[in-house]
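The lines below spell out each chain.
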Amino acid sequence: MLGRDTILSSLDSFRFPEVVQEHSRFRNPIAKYRLNRNNNCIACGKCVEICPYGVHIMRRGQVFVENHYLCVGNDCTEPCVEACPEHALSMLKNPDFDSIGDLRWTPDLLASTWYMAEFAVSPPAGLEYKRGASGGGFDKLRLVFKSPKTIQKELQDKEVDVSVVLNRRNDNAHRVRIQVPFYGGGMSYGSVSITTMLSRIKAAAALGTFCCTGEGGYPDELKPYDDHVITQVATGLFGVREETIQRVKIVEFKYAQGAKPGLGGHLLGDKVTPGVARMREAVVGYPLFSPFPFHSVYSVEDHKKHVDWIKAINPKALVAVKVSTPTDVDMVAVGSYYAGAHIIHLDGSYGGTGAAPDIAKKNIAMPIEYAVPKVHRFLKEEGVRGRITVIASGGIRTPHDVAKVIALGADAVCTGTADLVALECIRCHNCESGRGCARGIATTDAELMDLIDLEWGAQRIVNMFLAWRRELIQILKKLGMKSLPELVGRTDCLVHLDHMKESV
Ligand code: SF4
Ligand code: SF4
């Protein structure tokens, strides 16, 4: 585990964790393609030999399809189906594949994230891993790369800096640099299992970044990771304790949530187990609501009192302010800066687990891709952009989304659903029903929680983010840049598909 000083150390001395391949915890991972082998097979081994992806194996003189999920389908350059001398192989698209996910988290995006969580690299072919199919948001934006001649081929990956400084006020608070441009967004103890929570936090510690507790309190199991935990103060004040605020480097006020602006949190009674109830000082089995808004905050002056309270308890703590994206979000951001915040966290509406109601997600507040440039511009006009960190969240699914939102004006991003997908979430939207997630991710049921091993979970998330980091470095190189700050606010590196049609 990383110590207190390590996070503050220079880039040179930080060592990213090793990649350890972590296979799916299910015997047959969901595959895009299915290969069938008929009785004509003479076990000649040709398919085993030519498949570059390890789909077929030979065992005791017989050939099997061991890994359907590694087949890249029509993208294969040496198709075994054609090479088979006995015409024994056929390939079909798996009809079940299209039943998972949705337009934002397409089956391809889910499967490619699982691939990254297993191998720590982007999938070689066969899966669209850069964007979804929502027809809007980041899916309608494209990065505009320089011509191949100007790509910095001679630049080593290790020379490209994707770390981000979080304290730009240069005050007495901690000097914190995260080694990757993302940290884990709040998911409360109760909404997800303690194993899911610990997997995310352990991964954040290994990657030199942070993860937020969400609003359900600070379980004792998190103590070893204090230096990488962001503790959240939200409207329900569940589990908020001055003792835990004193232990951490970052405290987040959650004023609103992009997936349900204007609505508070809601934890169904089924998920309020004895452990959750103890942490939240509530009654077992009763649903818990956190109100909207903070009933003590109706102005920037009220907000400043909140910030001052944290600074009085823990003068070294960075204060982050999480808000949704109303049309006056730019004023909110500037107000937060003057109230003393270090980080303004803009949470857009594309995110949220399966628990967020669609009516709220789809109809309230501004899309994040409009909010970020608005805030970036206004902070610049006010002359304070360089003194506050802008974090964007809400539907960041890929490293390409990260690059796009930074080009729009953010400094870094928060993730949430992507972490769950690394743990094999299938976006079934049942997070809040009954005992919770059947895959053991968003649940407090003791039996379901056991479906995930902590070491496996942490490594899967580490692997996924190592793949993201690697991909981001390639994106920066293709843009002719050596560090992320060069990309902040560079909307000229983006094109919107609607405008592309006009110009092409
Ligand atoms: S190439 Fe065809 S015949 Fe040979 S092992 Fe593969 S499926 Fe069987
Ligand atoms: S219930 Fe589990 S698998 Fe389904 S969307 Fe929620 S976290 Fe993902």
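Just so you know, these numbers come straight off a predicted model, no measurement behind them.

### So, the overall build of the protein chain
- Per the secondary structure count, the protein chain includes 15 helices and 18 strands.
- Since a compact globule built from 504 residues should have a radius of gyration of about 23 Å, the 23 Å found for the protein chain is in line with a globular shape.
- Each principal axis of the C-alpha distribution contributes one length, and for the protein chain these read about 80 × 60 × 45 Å.
- Within the protein chain, the proportion of its 504 residues that are buried is 50%.
- Across the protein chain, the fraction of contacts at a sequence separation of at least 24, relative to all contacts at a separation of at least 6, is 69%.

### Quick word on the site of ligand 1
- Residues in close proximity to ligand 1 total 13 residues, the closest being Cys-41, Cys-44, Lys-46, Cys-47 and Cys-84.
- Residues that form the shell around ligand 1 fall into these classes: nine nonpolar, one polar and three charged.

### Topic: the pairing of strand E11 (residues 250–254)
- The buried fraction of E11 is high, at five of five residues.
- Here strand E10 (residues 229–234) runs beside E11; their pairing, made up of five bridges, is parallel. Looking across to E11, one finds that Thr-231 is bridged to Val-251.
- Tracing the backbone out of E10, into helix H5 (residues 242–247) and back to the parallel element E11 gives a crossover that is right-handed.
- Inspection of the sheet shows E11 paired to strand E14 (residues 318–323) by five bridges, in the parallel sense. Across the sheet, Val-251 pairs through a bridge with Val-319, a residue of E14.

### Looking at the packing of helix H11 (residues 399–408) against helix H14 (residues 454–478)
- Contact pair H11 / H14: the axes reach a minimum separation of 9 Å and the direction vectors enclose 50°. Regarding the angle of H11 to H14, the classification is oblique. Every pair of crossing elements has a handedness; the one defined by H11 and H14 is right-handed. Every residue of H14 that contacts H11 at Pro-399, Val-402 and Ala-403 is listed here: Trp-468, Glu-471, Leu-472 and Ile-475.
- Of the residues that constitute the contact of H11 with H14, the class distribution is six nonpolar, no polar and one charged.

### Some points on the confidence of the model for the protein chain
- Residues of the protein chain with pLDDT of at least 70 account for 91%, and the chain-wide mean is 90.
- Low pLDDT, under 50, characterises residues 1–11; the stretch is placed with 15 contacts to residues that sit more than four places away or in other chains.

### Comments concerning the domain arrangement of the protein chain
- Split by domain assignment, the protein chain resolves into domain 1 (33–95) and domain 2 (156–503).
- Each of domain 1 and domain 2 has a C-alpha centre, and the two are 43 Å apart.

### Focus: the nonpolar core
- Core analysis: the largest hydrophobic core is formed by 120 residues, its most contacted members being Leu-346, Val-405, Ala-410, Val-413 and Phe-465.
- Of the residues forming this core, the biggest block, 12 residues, is contributed by H14.
- Setting aside anything within four residues of it in sequence, one finds Leu-346 in contact with Val-323, Thr-325, Val-329, Ile-368, Ala-371, Val-372, Val-375, Val-390 and Ala-392.

### Thoughts on the packing of helix H4 (residues 194–206) against H14
- Packing of H4 against H14 leaves a shortest axis separation of 8 Å and a crossing angle of 45°. Taken together, the axes of H4 and H14 lie oblique to each other. Judged by the twist between their axes, the crossing of H4 over H14 is right-handed. Along its contact with H4, which presents Thr-195, Thr-196, Leu-198, Ser-199, Arg-200, Lys-202, Ala-203 and Ala-206, the element H14 presents Leu-454, Gly-457, Ala-458, Ile-461, Val-462 and Phe-465.
- Classifying every residue of the contact of H4 with H14 by side-chain character gives eight nonpolar, four polar and two charged.

### Points about the pairing of strand E15 (residues 343–347)
- Counting buried positions along E15 yields five of five residues, so the element is predominantly enclosed.
- Side chains of E15 alternate between two faces, with Ile-343, His-345 and Asp-347 and Ile-344 and Leu-346 buried alike.
- Across four bridges, the pairing between E14 and E15 is parallel. Across the sheet, residue Lys-322 finds its bridge partner in E15, namely His-345.
- Considered for its hand, the β-α-β crossover made up of E14, helix H8 (residues 329–339) and E15 is right-handed.
- Alignment of E15 against strand E16 (residues 389–393), held across five bridges, turns out to be parallel. Looking at E16, one finds that Ile-344 is bridged to Val-390.

### Digging into H4
- Helix length check: H4, at 13 residues, gives a terminal C-alpha distance of 18 Å against a target of 18 Å (1.5 Å per residue), a fit within 8%.
- Burial analysis of H4 places 12 of its 13 residues in the buried class, which makes it a mostly covered element.
- Taken residue by residue, H4 has Thr-195, Thr-196, Met-197, Leu-198, Ser-199, Arg-200, Ile-201, Lys-202, Ala-203, Ala-204, Ala-205 and Ala-206 as its buried positions.
- A positive phi of about 70° marks Gly-208, the residue just after H4.

### Topic: unusual backbone geometry
- Even without being a glycine, Ala-43 presents a positive backbone phi close to 55°.
- Assessed through the 16 C-beta atoms surrounding it within 10 Å, Ala-43 is described here as partly exposed.

### Some remarks on the environment of Gly-132
- The topology assignment puts Gly-132 in the loop between helix H3 (107–119) and strand E5 (141–143).
- Note: C-alpha distance between Gly-132 and Cys-51 (81 residues apart in sequence) is 28 Å.
- Each residue touching Gly-132, except ones within four places of it in the same chain, is listed here: Leu-103, Arg-104, Trp-105, Thr-106, Leu-109, Asp-139 and Arg-397.

### A short note on H3
- Helix length check: H3 (13 residues) gives 18 Å between terminal C-alpha atoms against 18 Å at 1.5 Å per residue, within 8%.
- For H3, the full list of buried residues reads Pro-107, Asp-108, Leu-109, Leu-110, Ala-111, Ser-112, Thr-113, Trp-114, Tyr-115, Met-116, Ala-117 and Glu-118.
- Among the structural elements, helix H12 (417–422) and H14 are those in contact with the buried residues of H3.
- Ala-120 occupies a position one or two residues after H3 and carries a positive phi of about 65°.

### Focus on the environment of Gly-61
- Take Gly-61: it is sitting in the loop between strand E2 (56–59) and strand E3 (62–65).
- Under the C-beta neighbour-count criterion, Gly-61 is labelled exposed, with 7 such atoms within 10 Å.
- Counting along the chain gives 19 residues from Gly-61 to Ile-42, while the straight-line C-alpha distance between them is 9.8 Å.

Rules behind the numbers
- Residues numbered from 1 in each chain as written.
- Chains lettered and ligands numbered in written order.
- Predicted model: local features only at pLDDT ≥ 70, side-chain atom pairs only at ≥ 80, totals over all residues.
- Helix = DSSP H or I, 4+ residues; strand = E, 2+ residues; numbered from the N terminus.
- Rg over C-alpha atoms; globule rule 2.2 N^0.38 Å.
- Buried ≥ 20, exposed ≤ 12 C-beta atoms within 10 Å, placed from the backbone.
- Contact = placed C-beta atoms within 7 Å.
- Near = placed C-beta within 6 Å.
- Nonpolar A, V, L, I, M, F, W, Y, C, P; charged D, E, K, R; others polar.
- Pairing = 2+ DSSP bridges.
- Right-handed = clockwise from strand over helix to strand, strands pointing away.
- Axes fitted to C-alpha atoms, helices over the stretch in contact; angles between N-to-C directions.
- Parallel < 35°, antiparallel > 145°, perpendicular 65-115°, else oblique.
- Left-handed = near helix turned anticlockwise from the far one by under 90°.
- pLDDT = per-residue confidence, 0-100.
- Domains from an automatic or database assignment.
- Core = buried A, V, L, I, M, F, W, Y, C linked by C-beta atoms within 7 Å.
- Expected span 1.5 Å × (residues − 1).

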